[in-house]
Amino acid sequence: MKKFKFIINGSDYEVSVNEVEKNIAEIEVNGTPFTVEIEKQEKPSILSLNRKPAGKVAPIATPVRSVVASAIKAPLPGSIMKVLVVVGQTVKRGDLLLTMESMKMENNIVAEHNGIIKNIHVQVAQTVMQDDVLIDFESTVEASTPTPVAVKTEVSTPAPKAAQIPTAAKTIKSPLPGNVLKIMVKVNQSVKRGDILMTLESMKMENNITAEKNGVIKTIHVQQGQSVMQDDALFDIE
């Protein structure tokens, strides 16, 4: 029970609240009982949604894929022993593609990149020459798109020209074993790319050794009639 005192127009009123059930209340005013109905006012609830502005989403860099076709060639003359792949086969770098015999030695031809075999130009027991095409190979190379960078342009005094650095000498090596038949050049002779430097006999066939670039013959490591092995040094060219 709750009791209240009210003064209305100078008169005192004692109000006792006996019981409240829902919106019906039993009260007494100065000892006189009353049943009253309480009017309830419901305030609408306001749901406030605070949304943060979405930030900018950085675009995902998509790698650029470029398909590169290349031909796998015979590194030296010989005979095909085994072909270990088929057209359409996916291979990985270092996978064995075929084996060939040359000078009574077995040579493994492997994939230089990941890719797909597109064509096979040889078969078992076929004889091939140096640089004959064995397999057409297609590889996929991924390169990320470069991020643009702001470049600040400044006017500056041009830098003095750097001193010219002499070109390093390149060693030309024997592509296969054989005998030196002819030497066409001499030390300090200027040659152009493609010029014949010497003739090498291998497997009863003559092979021309040519200059890979313009330059000057600095050293000759062999002489006519000499036997050489594969990868022996023949010339230094600068």
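Residues numbered from 1 in each chain as written. Predicted model: local features only at pLDDT ≥ 70, side-chain atom pairs only at ≥ 80, totals over all residues. Heavy atoms only, no water.

K.L.:
Where do I start with the nonpolar core in this structure?
P.N.:
In summary, soluble globular proteins display a tendency toward joint burial of nonpolar side chains. Counting residues in hydrophobic clusters, the biggest one holds 17 residues, and the most contacted among them are Val191, Leu197, Met198, Leu200, Ile217, Leu234 and Phe235. Looking at this core, the elements that each hand over two or more residues are β16 (196–202) and β20 (233–237). Not counting residues up to four positions away in its chain, the partners in contact with Leu197 are Ile172, Ile183, Met184, Val185, Val191, Ile209, Thr210, Ala211, Ile217 and Phe235. Ala74, Met100, Ala111 and Val128 belong to the second-largest nonpolar core, a separate cluster that totals 16 residues. (Core = buried A, V, L, I, M, F, W, Y, C linked by side-chain atoms within 4.5 Å. Buried < 20%, exposed > 50% of the residue type's maximum accessible area, 1.4 Å probe, protein only. Helix = DSSP H or I, 4+ residues; strand = E, 2+ residues; numbered from the N terminus. Contact = heavy atoms within 4.5 Å.)

K.L.:
Which parts of the structure should I look at to understand the pairing of strand β18 (residues 215–220)?
P.N.:
Alignment of strand β15 (residues 190–191) against β18, held across 2 bridges, turns out to be antiparallel. Residue pairing in the sheet places Val191 in a bridge with Gly215 of β18. (Pairing = 2+ DSSP bridges.)

K.L.:
Any chance you could explain the sheet that holds strand β14 (residues 178–183) here in plain terms?
P.N.:
Remark on secondary structure: sheet strands pair via backbone hydrogen bonds, oriented parallel or antiparallel. The 4 strands are arranged β17-β16-β14-β19 in an open sheet whose pairing can be described as antiparallel. Each having just a single partner strand, β17 (205–210) and β19 (227–228) make up the two edges of the open sheet. As judged from the 6 bridges shared by β16 and β17, these two strands associate in the antiparallel manner. In the strand pairing of β17, Leu200 is matched with Asn207.

Keep in mind that these numbers describe shape and distance, not what the molecule does.
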